[in-house]
Amino acid sequence: MAQNIYDDPDFFAGYSRLPRQVHGLDGAPEWPAIRALLPPLAGKRVADLGCGFGWAARWMSSAGAARVLGLDLSRNMIARAEADTADPAIAYQIADLDTLTLDDGAFDLVYSALTFHYIADFGRLARMIHAALAPGGDLVFTIEHPIFMAAAKPDWITTTGGKTWPVDHYADEGERRTDWFTNGVVKYHRTLGTTINTLIDAGFALRRVVEFAPTPDEVARQPALAEERERPMMLLLAAQKAAAL
Ligand SMILES: C[S@@+](CC[C@H](N)C(=O)[O-])C[C@H]1O[C@@H](n2cnc3c(N)ncnc32)[C@H](O)[C@@H]1O
C-alpha cells in the first residue's frame with residue numbers, strides 16, 4: 001500500500017511553505033522547461049497524476065484544455081485543490097496511482113510533476129497510462145533525478161578526498177527512505193536507463209529528456225539554486241503514444 005505522507009500534519013505544514021506551493025508554478029524554477037515540453041493544450045483532455053494543490057490543472061485549463069482531471073492520494077492535497085479551484089472544466093479525485101486504472105483512450109495528455117518516484121511499480125503505471133492515452137497522445141512528467149534520488153540514504157553517502165559523492169549505490173534500485181519534513185519518507189529509486197526503458201517497453205516513443213539545471217543567470221538572480229548545477233535534481237521527460245495509422 002502506498003505511503004500517504006502528504007496527509008501527515010508535520011509533513012503537510014512544511015511542504016505547504018515551499019516557494020513552489022506558496023507562489024505556484026512561477027515558484028518552480030523548472031516550470032519554463034516543463035512548459036516547453038507540453039503540447040498545445042487547446043481542446044485537450046488532460047489527467048494530472050499527483051496533482052497536489054492543483055496549480056498545473058488550473059494553468060492547463062486556462063491554456064485551453066477541454067477538461068482536466070486531477071488525481072492525488074492525499075486528502076489534504078485534494079481538499080486544498082478543490083478550495084482553490086472554481087473552474088467547471090476541472091475535477092479532482094482521490095486516487096492511488098499504485099492501483100489506478102483510467103479508461104482506455106480517455107486522455108490526450110497525461111501530466112505529472114514530482115510524483116512518479118513515489119510509485120513502486122513504474123512499469124504497471126506506464127502501461128496503464130499508455131492505454132489511457134488516445135493515439136498520438138502525450139505523456140509529460142517530472143521526477144526527482146535518479147542521481148539526486150540515489151543520495152536519499154544518508155548512511156550510504158561517502159566522502160573521498162574531501163569531496164562528497166552522493167550517488168553511491170546508484171545501481172541498487174528500489175525503496176529509499178529519506179527524511180524530508182518528517183522521518184521515513186518512502187521513495188523509489190530507478191536508474192535513468194530503467195526509467196527510459198520502462199517507457200519504451202510500455203510502447204512510448206521518447207520526445208525529449210531534460211536533466212534540468214538552472215542557467216548561470218538564474219543562479220545569479222537566485223543564489224539558492226546553485227546546488228542544482230552541482231548535480232541534477234530533476235528529470236523531465238516527454239513521450240508519445242504512436243498516432244493511429
Ligand atoms: C511533490 S508533490 C507534487 C504535487 C504537484 N504535482 C506539484 O508539482 O505541485 C507529490 C504528490 O504526489 C502525491 N502522491 C504520492 N504518492 C501517490 C500515489 N501513490 N498516488 C497518488 N498520488 C500520490 C502526493 O500526495 C503529492 O500531492
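Residues numbered from 1 in each chain as written. Predicted model: local features only at pLDDT ≥ 70, side-chain atom pairs only at ≥ 80, totals over all residues.

Caption draft 1: Fine view of the overall build of the protein chain. What the protein chain contains, in helices and strands, is 10 helices and 11 strands. Taken against the 2.2 N^0.38 rule, which gives 18 Å for 245 residues, the C-alpha radius of gyration of the protein chain at 18 Å falls within 12% of a compact globule. Across the 245 residues that make up the protein chain, the buried fraction comes to 38%. Taking as baseline every contact in the protein chain between residues at least 6 positions apart, the subset at least 24 positions apart corresponds to 64%. (Helix = DSSP H or I, 4+ residues; strand = E, 2+ residues; numbered from the N terminus. Rg over C-alpha atoms; globule rule 2.2 N^0.38 Å. Buried ≥ 20, exposed ≤ 12 C-beta atoms within 10 Å, placed from the backbone. Contact = placed C-beta atoms within 7 Å.)

Caption draft 2: The arrangement of the pairing of strand 3 (residues 90–94) in detail. Pairing analysis gives five bridges linking strand 2 (residues 67–72) to strand 3, with the strands arranged parallel. Within the sheet, the bridge partner assigned to Leu69 lies in strand 3 and is Ala91. With helix 5 (residues 75–83) bridging strand 2 and the parallel strand 3, this β-α-β connection has right-handed handedness. (Pairing = 2+ DSSP bridges. Right-handed = clockwise from strand over helix to strand, strands pointing away.)

Caption draft 3: Quick look at the sheet that holds strand 2. With respect to topology, seven strands assemble into an open sheet ordered 3-2-1-4-5-11-10, the strand pairing being mixed. Every other strand in the sheet has two partners, leaving strand 3 and strand 10 (205–212) as the edge strands with one partner each. Recorded for the sheet is a direction-independent mean angle of 15 degrees between the axes of neighbouring strands. Of the strand pairs in this sheet, strand 4 (residues 107–113) and strand 5 (residues 133–144) are connected by six bridges, and their pairing is parallel. In the sheet register, Phe107 faces strand 5, and the bridge partner there is Leu133. (Axes fitted to C-alpha atoms, helices over the stretch in contact; angles between N-to-C directions.)

Caption draft 4: Structural context of the environment of Arg231. Examined against the element boundaries, Arg231 turns out to sit in the loop between helix 10 (227–230) and strand 11 (234–240). Once the C-alpha coordinates of Arg231 and Phe148 are considered, the two residues, 83 residues apart in sequence, prove to be 7.1 Å apart.

Caption draft 5: Focus on the packing of helix 6 (residues 122–132) against helix 8 (residues 192–201). Following both chains from N to C, one finds helix 6 and helix 8 inclined at 40 degrees, their axes separated by 9 Å at the closest point. When the axis of helix 6 is compared with that of helix 8, the two are oblique. Between helix 6 and helix 8 lies a crossing whose hand is right-handed. Residues Phe122, Gly123 and Ala126 of helix 6 form the contact with helix 8, whose own contacting residues are Thr198, Leu199 and Asp201. Class assignment of the residues belonging to the contact of helix 6 with helix 8 gives a composition of three nonpolar, two polar and one charged. (Parallel < 35°, antiparallel > 145°, perpendicular 65-115°, else oblique. Left-handed = near helix turned anticlockwise from the far one by under 90°. Nonpolar A, V, L, I, M, F, W, Y, C, P; charged D, E, K, R; others polar.)

Caption draft 6: Seen up close, the environment of Ala205. When you line up the elements, Ala205 lands in strand 10. In sequence terms Ala205 and Gly27 are 178 residues apart; their C-alpha atoms lie 30 Å from each other. Setting aside chain neighbours within four positions, we find Ala205 in contact with Ala239, Gln240 and Ala242.

Caption draft 7: Expanded view of the environment of His145. If you trace the backbone, His145 turns up in the loop between strand 5 and helix 7 (146–149). Exposure remark for His145: the 21 C-beta atoms within 10 Å place this residue in the buried category. Placed 86 residues apart in sequence, His145 and Arg231 show a C-alpha to C-alpha distance of 9.0 Å. Non-local contacts of His145, meaning those with residues more than four positions away in its chain, are made with Glu211, Pro232, Met233, Met234 and Leu235.

Caption draft 8: A look at helix 4 (residues 55–62). For helix 4, the tally of buried residues reaches six of eight residues, placing the bulk of the element in the interior. At its buried positions, helix 4 is contacted by strand 1 (45–49), strand 2, strand 3 and strand 4. Just past helix 4, the residue Gly64 takes up positive phi, approximately 115 degrees.

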